[in-house]
Amino acid sequence: MDFTFTEEQLAAAEAARGVFAGVAPDAVPSPALTTGAVAECFDRELWDRLAGADLLSLLLGEEYGGAGLDAIALCLALRESAKVLARVPLLEHSAALAALQRYGTPEVRDRLAARAGRGELVLTVAASGRTGHDPAELAVTARRDGDGWVLDGVQTAVPWAYDAGLVLVPARTEADRSVLALVAPGGEGDASGVAAGATAGVTVAEQVSTSGERLGELRLASARVAGRDVVTAEGAWEWLRELLVTGTCALALGLGERVLRMTGEYAGKREQFGHPIATFQAVAVQAADRYIDLRAMEATLWQAAWRIASGAAGALPAAGDVAVAKIWAAEGVRRVVQTAQHLHGGFGADTEYVLHRYHAWAKQVELALGGAGVHEEALGELLATHPLG
């Protein structure tokens, strides 16, 4: 497989590097020293710079002012964002926007796409289910009621729930089909006044992530949603979930690459017995193992992103490649940060040094949308139903 990037994809990565170049990963209080969230909202100044660089509309069609690129370009940008722990809903916003463009009604696209592409309207996705372990689409029920739908249930750990103007919520119908409903949590994410107030029957309770970010438990009690704001197309939720998981793998890769670089720089300067510890065989072997982890994470990431972007057929559905990528991402990023902590010694746990922040983010990314065990089980089920020749 040739994973050579196109000029447009490389341009997106270069633009992302330029935007994220001046971002400080320690610009907010340390999650280790904060009992609540490290900040009330995401980095809006950075969000505006992303919008100015057209990085919020990478997957949006040119007719809506977007670049018309694909999942690979998005993952390249996400990879750069993770290197500086960028506190913006780039993944959730981009994935939700792409799903609405691909599966939403023309009315929804015309009403929301251009505004979201400019960053005026912030989108997010409720993808964690009721507990963070069960399928998200089973956490909320959706039933027809006249021209609209009525939603009931709870979605936990919704990222940027207090900042988003609209949340894309997966739900299950009485006919055992998945739909995606747009609900307004009543946050401050709508800079242009698109969504006037919260959807009736929707409340948000504060939660805090491992990385210290503010999450929300989205509670829906007979929440009524207009029919035009519910995506009923077959496969919409599955496609969106695969894109979200793949984007999470890109975050893990970027974070792991930055941590391994930090470790190499530290090991090259830290001396014991008159020599840099990087020259010790035990240190070099551990660093080499983590480098191998990162290369495996990278190869499986681009395979999954390519399957989503191209729609190409394979021995397994694209979900199989996504599962493999997440298994490597979850286990790989955990091993990278653990080795980094070990090789840094006590210095790695110093709250005045940035490494502990990467450790907290790595744990969040490892478990987001399912840890390695969850995706190993999913891969096993795919292999059972699609036996390889």
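Residues numbered from 1 in each chain as written. Predicted model: local features only at pLDDT ≥ 70, side-chain atom pairs only at ≥ 80, totals over all residues. Heavy atoms only, no water.

1. Comments concerning helix H7 (residues 281-310)
Here is step 1 of the chain: Under the 1.5 Å per step criterion, the end-to-end length of H7 is 43 Å for 30 residues, consistent within 8% with the ideal 44 Å.
Here is step 2 of the chain: Trailing H7 by a residue or two, Gly311 shows a phi angle of about 70 degrees, which is positive. (Helix = DSSP H or I, 4+ residues; strand = E, 2+ residues; numbered from the N terminus. Expected span 1.5 Å × (residues − 1).)

2. Things to note about the confidence of the model for the chain
One rule of thumb: low pLDDT means the predicted coordinates there are not for detailed reading.
Here is step 1 of the chain: For the chain, the mean per-residue pLDDT works out to 93, and 96% of the residues sit at or above 70.
Here is step 2 of the chain: Predicted confidence for residues 187-196 stays below pLDDT 50, and this span has 24 contacts to residues more than four positions away or in other chains. (pLDDT = per-residue confidence, 0-100. Contact = heavy atoms within 4.5 Å.)

3. Some details on the side chain of Glu257
Here is step 1 of the chain: Tracing the backbone through its elements, the reader meets Glu257 in helix H6 (residues 236-269).
Here is step 2 of the chain: Residue Glu257 is classed as buried on the basis of its relative accessible area, which comes to 15%.
Here is step 3 of the chain: Ignoring sequence-local partners within four residues, the contact set of Glu257 consists of Arg79, Lys83, Leu294 and Arg295. (Buried < 20%, exposed > 50% of the residue type's maximum accessible area, 1.4 Å probe, protein only.)

4. Regarding unusual backbone geometry
Generally, phi is negative for residues other than glycine and the peptide bonds are trans, each holding for most cases.
Here is step 1 of the chain: Phi is positive for Leu85, which is not a glycine, with a value near 55 degrees.
Here is step 2 of the chain: On the secondary structure map, Leu85 appears in the loop between helix H3 (71-83) and helix H4 (90-103).
Here is step 3 of the chain: The class for Leu85 is buried, based on a relative accessible area of 4%.
Here is step 4 of the chain: Non-glycine residue Leu369 carries a positive phi angle of around 60 degrees.
Here is step 5 of the chain: Here Leu369 is to be found in the loop between helix H9 (355-367) and helix H10 (372-385).
Here is step 6 of the chain: The class of Leu369 is partly exposed, set by a relative accessible area of 25%.

5. Side note on the nonpolar core
Here is step 1 of the chain: One finds Phe20, Leu50, Leu168, Leu240 and Leu255 to be the most contacted residues of the largest nonpolar core, which totals 94 residues.
Here is step 2 of the chain: With 16 residues, the single largest contributor to this core is H6.
Here is step 3 of the chain: Ignoring sequence-local partners within four residues, the contact set of Leu255 consists of Ala82, Leu85, Val333, Val337, Tyr358, Trp361 and Ala362.
Here is step 4 of the chain: Counting residues in hydrophobic clusters, the runner-up holds 20 residues, among them Leu151, Ala161, Ala171 and Leu218. (Core = buried A, V, L, I, M, F, W, Y, C linked by side-chain atoms within 4.5 Å.)

6. Some points on the pairing of strand E2 (residues 140-145)
Here is step 1 of the chain: Pairing of E2 with strand E3 (residues 148-159), which is carried by six bridges, proceeds in the antiparallel orientation. Within the sheet, the bridge partner assigned to Arg144 lies in E3 and is Trp149.
Here is step 2 of the chain: Connecting E2 to the next strand, E3, in antiparallel fashion are two residues, including Gly146 with a positive phi near 65 degrees.
Here is step 3 of the chain: Pairing geometry for E2 and strand E4 (residues 166-173), over two bridges, is parallel. Bridging across to E4, Thr141 finds its partner in Arg172. (Pairing = 2+ DSSP bridges.)

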